[in-house]
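Structural features, examined
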Amino acid sequence: MAQQRDDSLWNSTRRSLIVRALDQAGPTRDEAWHELVQLYDRPIKVCLRRHVGRHPQADEIIADFFSYLFDQGVLAKLDPSKGRFRALLQGVMRNYVRSCKRKAAQEGGRVELSELLCIDLPPEAEVEEEHTWARALLDQGARRLVSV
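Residues numbered from 1 in each chain as written. Predicted model: local features only at pLDDT ≥ 70, side-chain atom pairs only at ≥ 80, totals over all residues. Heavy atoms only, no water.

Overview of the packing of aromatic side chains
In this description, a pair of aromatic rings is defined by centroid distance and the angle of the planes. Here is the rule we go by: Only the six-membered ring of Trp is used, alongside the rings of Phe and Tyr, when aromatic pairs are assigned; centres must lie within 6.5 Å, and planes under 30 degrees apart are stacked while those over 60 apart are edge-to-face, with the rest tilted. Going along the chain from the N terminus, every DSSP run of H or I of four or more residues is numbered as a helix, and every run of E of two or more is numbered as a strand. Relative accessibility under 20% of the residue-type maximum defines a buried residue, over 50% an exposed one, and the middle range a partly exposed one, all with a 1.4 Å probe and only protein chains included.
Throughout the structure, instances matching the rule amount to five aromatic pairs. Measuring from ring centre to ring centre gives 5.2 Å for W33 and F70, while their planes differ by 75 degrees; the resulting arrangement is edge-to-face. On the criterion of sequence distance, the pair formed by W33 in helix α2 (residues 27-52) and F70 in helix α4 (residues 65-71) is long-range, its members being 37 residues apart. We classify W33 as buried; its relative accessible area is 11%. On the basis of relative accessible area, F70 is assigned to the partly exposed category, the value being 39%. Arranged with centres 5.8 Å apart and planes meeting at 75 degrees, the rings of F65 and F66 form a pair that is edge-to-face. The class of F65 is buried, set by a relative accessible area of 0%. Judged by its relative accessible area of 16%, F66 falls in the buried class. Among the aromatic residues, ring-to-ring pairing joins F65, F66, Y68 and Y96 into one connected group.

If you want it as structure tokens, here you go:
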């Protein structure tokens, strides 16, 4: 009997993974979130680094992104007919940086620190983001091949 091939890595984010991450609290949801974080951790960190640049709280801002994703209920807003999950995440990253700028302004943060947070990146940065996502996909595939 032929072994069934798992092509999930090469497809878009599995809808079943997102549905599990939306489940009520429990181990199934926690496992799905853990898998999503593992899948997207590196490209998100690299892409967010471009938005936060040399901001003194850059590491904290980046580390808090997945909490923001969870707290804002972003997964529930996913509509596969409107594009890829990656595109949604990229938009959410911009909104997240926008919220960080607003928060800094409300807290009376120094203007120059707020200016270090960049919402709209130059066009060449978008190309580099696509390369980052592609590298992450290739890294995941290589890890899976090595583990087989």
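Okay, back to it.
With respect to the nonpolar core
If you look at soluble globular proteins, the nonpolar side chains tend to sit buried side by side. Let me state the cut-off plainly: Each nonpolar core is a collection of buried residues, namely Ala, Val, Leu, Ile, Met, Phe, Trp, Tyr and Cys, held together in the definition by side-chain atoms within 4.5 Å. In what follows, residue pairs with any heavy atoms lying within 4.5 Å of each other are defined as contacts.
Among the nonpolar cores identified, the biggest contains 30 residues, and Y40, I44, L48, F65, L69 and F85 are the most heavily contacted of them. Take this core: its biggest share by element is nine residues, from α2. Leave out the neighbours within four places in its chain, and F65 touches I44, L48, L89, V92, M93 and Y96.

Some details on α2
In an α-helix, one full turn covers 3.6 residues, which means residues spaced three or four apart are oriented alike. Selection criterion: Helix span is expected to be 1.5 Å times the residue number reduced by one. To get the bend at any residue, fit one axis to the seven residues that end at it and another to the seven that begin at it, then take the angle between the two axes.
Spanning 26 residues, α2 covers only 33 Å between terminal C-alpha atoms, well under the ideal 38 Å at 1.5 Å per step. Along α2, the sharpest change in direction is near 50 degrees and occurs at Y40; proline P43 comes one to four residues later. All of the buried residues along α2 are R29, A32, W33, L36, L39, Y40, P43, I44, C47, L48, H51 and V52. Packed against the buried residues of α2 are α1 (15-21), α3 (58-63), α4, α5 (85-106) and α7 (123-147). Positive phi shows up at G53, right after α2, with a value of about 50 degrees.

Comments concerning the environment of D59
As a reminder of what qualifies: Under the rule applied, a polar contact is a pair of N or O atoms within 3.5 Å (in protein, one hydrogen donor and one hydrogen acceptor; residues adjacent in sequence only if both atoms are side-chain atoms).
Structurally, D59 is set in helix α3. We classify D59 as exposed; its relative accessible area is 55%. Residues D59 and K45 lie 14 residues apart in sequence; the distance between their C-alpha atoms is 9.2 Å. A polar contact of 2.6 Å, which involves the side chain of D59, links it to the side chain of R49.

With respect to the pattern of salt bridges
Stated formally: The rule for a salt bridge is simple: a side-chain nitrogen of Lys or Arg has to be within 4 Å of a carboxyl oxygen of Asp or Glu.
A full pass over the atoms with the stated rule returns five salt bridges. The residue R29 makes a salt bridge to D30 at a minimum N-O spacing of 3.7 Å. Judged by relative accessible area, which is 43%, D30 ranks as partly exposed.

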